[in-house]
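Residue strings, one per chain:
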Amino acid sequence: MSLALSTKHGLKLKKRRAGFQQMVSKSRGLYYTISMAAVTSVQYFTERFSLTCNKPVSHLQLACCPSHCAVPWQGKNIRIYENKNLEPPLELTGHHGDVSAMAFRTVRDRLLLCSASEDYIIAWDVDRCYTQIKDGGIASGRVVGTLLGRVVHLSLCPLSAKVAACSGSRVFLLNTEREEAPGVLKAHLGPVTASEFCPWDVNLLISTSEDRTFKIWDVKKGDILFESAVLSAYPLLSLFFMEQNSQFITGSGDGQLWCYTLPVDHKCRLVTKLDLLKLEQKHERNVRKNSSPQNRPDGTTRNDVRGTVETAKPVLRIWAQKLQSSHTSLQQRGSCVWIGSSDGLYLLDLDTSELLMKLPLTGIISDLSISMAGSWAISNELGGNMCCLVTSLFGTSVALLEVNSAGLDELCFRMATGLSVDEQLSAVPSSPLMTMSPLNAELAKHGPKPQRKIGVSCQKSVKDKPLVFHTQVKSSGYNTAPHRTMFRPKTNVKKKSNSAATTSTNMKHLLSEYPSHFEAPCMPYAHLTVSTNPTPVSSLQYSGDGKQIACGLGDGSVFLYNSSLTSNPAVYTGHSKAVNTVCWTHSKRWFLSTSEDPTLCIWTANASEPVLTMGDDRFAKPIRSAQFYYLDKFLLLASGSNLMLYLYHLDTMRDDIKRYKQRSKSKLASKFSMKSGTDITSMSAINDFYSYIVLAAGADRTIQVFDMNQGCMATQIPDAHCRAVHHLTQNKGSPFCTQALESYNLFLSSAITDGLKLWDLRTARCVRRYDSHVNRCHHCTAAYSPCGRFIATGSEDHTAYIYDTRSSNFLHKLPRHSETVLNMAFNPANPELLTGTLDGKLALFHPAESLLP
């Protein structure tokens, strides 16, 4: 790792170099050639210089900082170049063996270079070396280690004078100010490939090895604080710390990346795992779809894109650079990292797990002297551009490349806007309904038939009617005992009145606000088994007031619980196969259920029979998802490739003679189809307020956004996941909690083996990804908290995960589950979380601050 020089120190070095440059000869050696590259035809890469060494340097650790770069010269010597003014170099002599590793670091406002060979490890004060050469002497350094073997990696502590040298399976801890007995960290089973000091805790050091593990060390005590499992079949090669997120990243030889948190207790948690090869394949598919061959965002042609993705790409170097862009969307990217691989540079966004761009060494640039990289040394420059010192994989060439940050900002912006929609969508409507909108449909009211006028001639046709129309007749009183007392009025009865206390209590309950300051619910409160026979909990939802819970099961039944899970449930049986969806109305009077039958039933809480049943005569395929829509005006359901809007009328009156005939009505108002004709796997819409937006996920891995006001598909997100999306859910808020209007444009998508993604509807782009949970085969769902701060998702490791929407790290793992957690539901009125498992068990969780009664 390298830090930028201070301005004061940079001015001091420039003055000393000016005197040094007048004394050094301009001669060239036999084994060295240098050439300045033209900057005319290259847009993003600029080759500042290239040189040829006398020996291969493909896998050596070179050094590069914002102002200087260091390369081995004739094996045993070192030459230091200024990045802005390349000649003449500062030559350092002192090693008796070939230099194998170098590293720059600014310690106490002084630029240090540490170099290693099999005989010595030397610390050089660059400022002092310039002074010695200017005074006519020889640049000298301080020997801090002797005969430590072949050192493959060096790293200097950012706040102290410590240096870590990786040699064999050991890490030696040295002092750059004096030579002393080194401390030794030894526990790896294979050669150590890299080690780095933690920037925010200098007593921590992480090392990676060819045994495919990493270890966290306590530098003072020499103890292991954390040891990972075997991560890959290939050795771990690189390591980098993300200080702003308290995370670190490690990469392997087959192009795998792991991002971990580094908490105070040193119990690392996996944030995300990436495959560089798969990210490149997805990136190039998007480039082919959204760019013409003549004008691609990264400058490639169609021939450049095809045939480049064949083998795994080793992660040789990891470096972070925050893009200094004038665009607000790009300024907020604080998780972008550069990956140096054998064929070029890759810019990744860790929040979304997406490849933003690729800068290959071949294809777009014809005048680079290196086509395959053996090692990278990357550093930010004072002007904002990035300097890359790269060695040839199969040759002896070394080149200094400069990456134009301004061009990268424009490239990122073009790629970001190239995939966005033409007109920004919003879940909150900003325009009135159109005249021809499908949402204007109305169901014809069937009132009582008008009575016909009956004349005198028709009176004879009127049939006799019974005198009693009731099932019970009041007794005449013949068989009752005679009254002994006269009627006595009650004179001391208190008048019933709507007291202020009662009114205030009711109003307090209606207007109670959701405690958004509470932490996420993570403490177990209640636990019960739904059925004696294990059956999956396929769907869960709270009523709008948070008092009741509808629970759909895999055996076709629906259970209705109170919110505390204390009383016996009401059971509703109207389906012959597994229930897919349960959903409450906004008015909290009805709830629906759909099944694989395929049927849809609408229930009321005080009746055991459905008020409305829509059978398989209307649907050729099962109803995968259904809900009430547009403040209960419509029934919105997905069956096959069709998205259907139904108008409905519910009538609870029953005729005992004609019980088979239902009085409720439904009518198809509008029908929409997926663009590709694929089946709909999930659907989502907001019913708590008027919204025109409906989301539908297809089996072809797309997410399509429908605008019901215009009656058409507004936009489409291709390749949303690597598998078909099995669950969509929006940030719908709650009547008890207020959020910013922009928050309602966020929605979640889940897919097997591809984690959980958070999307912004306004740009139709992924803004964050969560994949710490396990989801390999079951359709685990996710839920948004009413306050919009937390996301809960099920997992196949018998736990539930709670994420913070502002970070990719999970906050809590909820234990006490006997099987895979399939479904989640937040209480809209209280900070409670309900989970349902594969074996038919429910668990209720409360926040740790206050266990609610």
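Quick caveat: nothing in here was measured; it's all calculated off a predicted structure.

Asker: What exactly am I supposed to notice about the overall build of the protein chain here?
Answerer: Check the secondary structure of the protein chain and you find 7 helices and 56 strands. By the burial criterion, 54% of the 853 residues in the protein chain qualify as buried. The contacts in the protein chain between residues at least 6 apart in sequence include a share of 53% that link residues at least 24 apart. Accessible surface computed for the protein chain: about 40,000 Å², of which carbon and sulfur atoms make up 51%.

Asker: Teacher, can you tell me more about the sheet that holds strand β37 (residues 612-614) here?
Answerer: Within a sheet, adjacent strands bond to each other through the backbone by hydrogen bonds, running parallel or antiparallel. The 4 strands are arranged β34-β35-β36-β37 in an open sheet whose pairing can be described as antiparallel. At either end of the open sheet lies a strand with only one pairing partner, and these are β34 (579-584) and β37. Taking the axes of each pair of neighbouring strands and ignoring which way they run, one obtains an average angle of 15 degrees across the sheet. Summarising the sheet, strand β35 (residues 590-595) and strand β36 (residues 600-604) pair through 5 bridges and their orientation is antiparallel. The residue bridging F591 from the neighbouring strand is W603, located in β36.

Asker: Help me understand the pairing of strand β6 (residues 101-107), please; the structure alone is not making it clear to me.
Answerer: A regular strand carries its side chains on alternate faces of the sheet. Of all 7 residues in β6, 7 are buried, a share of seventy percent or more. The sheet contact formed by β6 and strand β7 (residues 110-116) spans 7 bridges and is antiparallel. Bridge pairing links V107 to R110 in β7. Hairpin remark: β6 followed by β7, antiparallel, with 2 residues in the connecting loop; positive phi at R108, about 55 degrees.

Asker: Would you take a moment to explain the pairing of strand β38 (residues 623-629) for this structure?
Answerer: Among the 7 residues in β38, 6 count as buried, and that is most of the element. As judged from the 6 bridges shared by β38 and strand β39 (residues 634-639), these two strands associate in the antiparallel manner. In the sheet register, I623 faces β39, and the bridge partner there is S639. The loop that links β38 with its antiparallel partner β39 comprises 4 residues; one of these, Y630, has a positive phi angle of about 60 degrees.

Asker: Explanation requested: the sheet that holds strand β21 (residues 270-275) in the structure shown.
Answerer: Judged by pairing direction, the sheet is antiparallel, and its 4 strands sit side by side in the order β18-β19-β20-β21 without closing on themselves. With partners counted over all chains shown, the strands left at the sheet margins are β18 (236-242) and β21, one partner each. Averaged over all adjacent pairs, the angle separating strand axes in this sheet is 15 degrees, with direction ignored. Judged from the 6 bridges that link them, β18 and strand β19 (residues 247-252) form a sheet pairing that is antiparallel. For M242, the partnering residue across the bridge sits in β19 and is Q247.

Asker: Got a minute to help me understand unusual backbone geometry in this structure?
Answerer: Glycine aside, negative phi is the norm for most residues, and most peptide bonds take the trans geometry. Geometrically, the link from D597 to P598 is a cis peptide bond, its omega value of 15 degrees lying close to zero. As for its position among the elements, P598 is in the loop between β35 and β36. Even without glycine at this site, L147 takes up a positive phi of about 50 degrees. Following the sequence through the fold, L147 ends up in the loop between β9 (142-146) and β10 (151-156).

Asker: Quick question: what am I supposed to make of the nonpolar core here?
Answerer: Membership of the largest hydrophobic core comes to 40 residues, with the highest contact counts inside it found for V337, I339, L345 and L348. Setting aside its immediate chain neighbours within four residues, L348 contacts L257, L274, L276, L279, S335, C336, V337, I339, E354 and L355. Membership of the second largest hydrophobic core comes to 35 residues, among which are V57, A63, Y81 and C129.

Asker: Explain the packing of aromatic side chains here, please?
Answerer: Each aromatic ring pair is summarised here by two numbers: the centre-to-centre distance and the angle between the ring planes. If you walk through the whole model with that rule in mind, you get 23 aromatic pairs. Both rings, one in F240 and one in W319, keep their centres 5.7 Å apart while their planes meet at 55 degrees; by these two values the pair is tilted. Here W319 lies in strand β22 (residues 317-320) and F240 lies in strand β18, a separation of 79 residues in the sequence. What makes F240 buried here is its relative accessible area of 5%. Judged by its relative accessible area of 5%, W319 falls in the buried class. Measuring from ring centre to ring centre gives 6.2 Å for F619 and Y646, while their planes differ by 75 degrees; the resulting arrangement is edge-to-face. Here F619 is found in the loop between β37 and β38, whereas its partner Y646 is found in strand β40 (residues 642-649), with 27 residues between them in sequence. Take F619 and Y646: they sit in the same class, and that class is buried. Through a chain of ring-to-ring contacts, three or more aromatic side chains come together here, namely W200, F214, F226, F241, F248 and Y260. Directly above the ring of W73 sits R79, whose terminal nitrogen or CZ lies 4.0 Å from the centroid.

Asker: Sorry, what's going on with the environment of V184 here?
Answerer: Relative to the assigned elements, V184 resides in strand β13 (residues 183-186). If near-sequence neighbours (up to four positions away) are discounted, V184 is found in contact with R170, V171 and F172.

Asker: In this structure, what is going on with the pattern of salt bridges? I would like to understand it.
Answerer: Side-chain pairs of opposite charge can arise whenever the charged atoms involved come near each other. Taken as a whole and judged by the stated rule, the model has 22 salt bridges. Here K358 makes a salt bridge to E280, at a shortest N to O gap of 2.4 Å. Of the two residues, K358 is situated in strand β25 (residues 354-360) and E280 in helix α3 (residues 276-290); the sequence distance between them amounts to 78 residues. One salt bridge in this structure joins D343 and K358, with 4.0 Å as the shortest N-O distance. In this pair, D343 sits in the loop between β23 (336-340) and β24 (344-349) while K358 sits in strand β25, placing the two residues 15 residues apart along the sequence. Per residue, the accessibility class of D343 equals that of K358, and both read buried.

Quick notes on the rules
Residues numbered from 1 in each chain as written. Predicted model: local features only at pLDDT ≥ 70, side-chain atom pairs only at ≥ 80, totals over all residues. Heavy atoms only, no water. Helix = DSSP H or I, 4+ residues; strand = E, 2+ residues; numbered from the N terminus. Buried < 20%, exposed > 50% of the residue type's maximum accessible area, 1.4 Å probe, protein only. Contact = heavy atoms within 4.5 Å. Areas by Shrake-Rupley, 256 points an atom, 1.4 Å probe, with all protein chains shown as cover. Pairing = 2+ DSSP bridges. Axes fitted to C-alpha atoms, helices over the stretch in contact; angles between N-to-C directions. Core = buried A, V, L, I, M, F, W, Y, C linked by side-chain atoms within 4.5 Å. Phe/Tyr/Trp six-rings, centres within 6.5 Å; stacked < 30°, edge-to-face > 60°. Lys NZ or Arg CZ within 6 Å of the ring centre and 35° of its normal. Salt bridge = Lys/Arg side-chain N within 4 Å of Asp/Glu carboxyl O.

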